[in-house]
There are 2 protein chains.
Amino acid sequence: MLKLTKKADYGLMAMKHLAEHADEGACSAKDVAEAYGIPQEALAKILQRLAKVGLVQSQHGINGGYTLTRDPRSISAFEVINAIDGPLFITSCVTVRGECGQSNRCTIREPLRKVNESIEQVLKNIKISQMKEESETIEIRKPAELVTLV
Amino acid sequence: MLKLTKKADYGLMAMKHLAEHADEGACSAKDVAEAYGIPQEALAKILQRLAKVGLVQSQHGINGGYTLTRDPRSISAFEVINAIDGPLFITSCVTVRGECGQSNRCTIREPLRKVNESIEQVLKNIKISQMKEESETIEIRKPAELVTLV
DNA sequence: ACAACTACGACTCTTTAGGTCGCCTTTTAT
DNA sequence: ATAAAAGGCGACCTAAAGAGTCGTAGTTGT
């Protein structure tokens, strides 16, 4: 149903949390998990993935935890989602390794690929720093012109 | 991973097929299934859903099958997907019946809702008649302006 | 060196997408 | 009238992915 996984949700929440608490040093997975009612170990695994791709830095030991490695204004939602859920494809036809299973007769691949690109662009243009609860901070402009006939 | 279900894929393929063969009378589920290598019974169920919401009309008996009820230029990909997969939500936070399970402390709901609306608009602006294999027929315009800061 | 705390990775459980099967109803060609 | 061809509906099965849990290894402060 075209939805993000909970993991991606959690990841975005965690990234936002880290961005907001950057001046207070590292945040442990436990801290973040308790703040939002997320299962602690589940969140830890997500943060580990984010650490693996270099979006956050991990610190062992007492008072350890995670910190952002970059300015939250430069981190897009796409990066986070991609790190957690892997490359996203709107259609099951287009896979990582190439082609459509439907006897290569699938005729909707190309249009949907365009849609996919469009969605990626939307996600790439939303930065962690922009994610606030107030709806006014993000404005979607000219949606009607998004996809047009040539 | 933010992908459409195969059912939705199949549905779009079938709709496109019906649009292209509109002048030849009704197409049976079997015809369409064989044309693209889709399991026949699976496709039949999908076509039944499309018939239920009025996107296609069914005809029993010999030489029966399905026909589009409207001009393919007026049918959007969104309608088809919505009929098959139900309402789509990018985030698992936002459900049909309302609220976020994470103790209502989920802070990314609103920004993601905006993304969701944007995706819906993209899908609403793609019509069945536009779905051709050639990539030139659909142009994504100004993706960089999709989501902007206020 | 020890204890407290954290990250890390393997594993299990649950959900759901995807597909199959069977039986019924409707229509129509003969 | 009848048989064949098509849709209609529901139950069921399977397999994959999502979500969460448990145990282990690694750091750090004292």
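Parameters at a glance
- Residues numbered from 1 in each chain as written.
- Chains lettered and ligands numbered in written order.
- Predicted model: local features only at pLDDT ≥ 70, side-chain atom pairs only at ≥ 80, totals over all residues.
- Heavy atoms only, no water.
- Axes fitted to C-alpha atoms, helices over the stretch in contact; angles between N-to-C directions.
- Helix = DSSP H or I, 4+ residues; strand = E, 2+ residues; numbered from the N terminus.
- Parallel < 35°, antiparallel > 145°, perpendicular 65-115°, else oblique.
- Left-handed = near helix turned anticlockwise from the far one by under 90°.
- Contact = heavy atoms within 4.5 Å.
- Nonpolar A, V, L, I, M, F, W, Y, C, P; charged D, E, K, R; others polar.
- Near = heavy atom within 4 Å.
- Polar contact = N/O pair within 3.5 Å; in protein donor to acceptor, adjacent residues only side chain to side chain.
- Phe/Tyr/Trp six-rings, centres within 6.5 Å; stacked < 30°, edge-to-face > 60°.
- Lys NZ or Arg CZ within 6 Å of the ring centre and 35° of its normal.

Engineer: Describe the packing of helix H3 (residues 40-52) of chain B against helix H4 (residues 77-85) of chain B, and please don't skip the residues or the numbers.
Structural biologist: All names here are of chain B. Viewed as axis vectors pointing N to C, H3 and H4 meet at an angle of 110 degrees, and their least axial separation amounts to 9 Å. It follows from the interaxial angle that H3 and H4 lie roughly perpendicular. Here the hand of the crossing between H3 and H4 comes out right-handed. Judged by residue contacts, Ile46, Arg49 and Leu50 of H3 engage Val80, Ala83 and Ile84 from H4. When grouped by side-chain class, the residues that make up the contact of H3 with H4 number five nonpolar, no polar and one charged.

Engineer: Lay out the protein's contact with DNA strand C in plain terms, naming residues and giving numbers.
Structural biologist: Surrounding DNA strand C, one finds 24 residues, the nearest of these being Gln48(A), His60(A), Tyr66(A), Thr5(B) and Lys6(B). Counting only atoms of DNA strand C within 4 Å of the protein, the fraction found in sugar and phosphate groups is 79%. Within the side chain of Lys45(B), an N or O atom sits 3.4 Å from a base oxygen of DNA strand C. In this structure, a phosphate oxygen belonging to DNA strand C sits 3.4 Å away from a side-chain N or O atom of Gln59(B). When contributions to the surface near DNA strand C are tallied by element, the ones reaching two or more residues are helix H3 (40-52), strand E1 (56-59) and strand E2 (65-68) of chain A together with helix H1 (6-20) and H3 of chain B. Considered class by class, the residues forming the surface near DNA strand C number seven nonpolar, eleven polar and six charged.

Engineer: Describe the packing of aromatic side chains, listing the residues and the values that go with them.
Structural biologist: The relative placement of two aromatic rings is captured by the distance of their centres and the angle of their planes. Counted according to the given criterion, the structure contains zero aromatic pairs over all chains. For Lys124(A), the ring lying beneath its charged end belongs to Phe78(A), and the centroid distance is 4.8 Å.

Engineer: Outline the protein's contact with DNA strand D, supporting the account with residue identities and numerical values.
Structural biologist: As a matter of local geometry, DNA strand D sits amid 23 residues, with Lys45(A), Ser28(B), Ala29(B), Ser58(B) and Tyr66(B) nearest to it. In this structure, a sugar or linking oxygen belonging to DNA strand D sits 3.4 Å away from a main-chain N or O atom of Gly61(B). Within the side chain of Tyr66(B), a nitrogen or oxygen atom sits 2.6 Å from a phosphate oxygen of DNA strand D. Breaking the surface near DNA strand D down by element, the ones donating at least two residues are helix H1 (6-20) and H3 of chain A together with H3, strand E1 (56-59) and strand E2 (65-68) of chain B. Class assignment of the residues belonging to the surface near DNA strand D gives a composition of eight nonpolar, ten polar and five charged.

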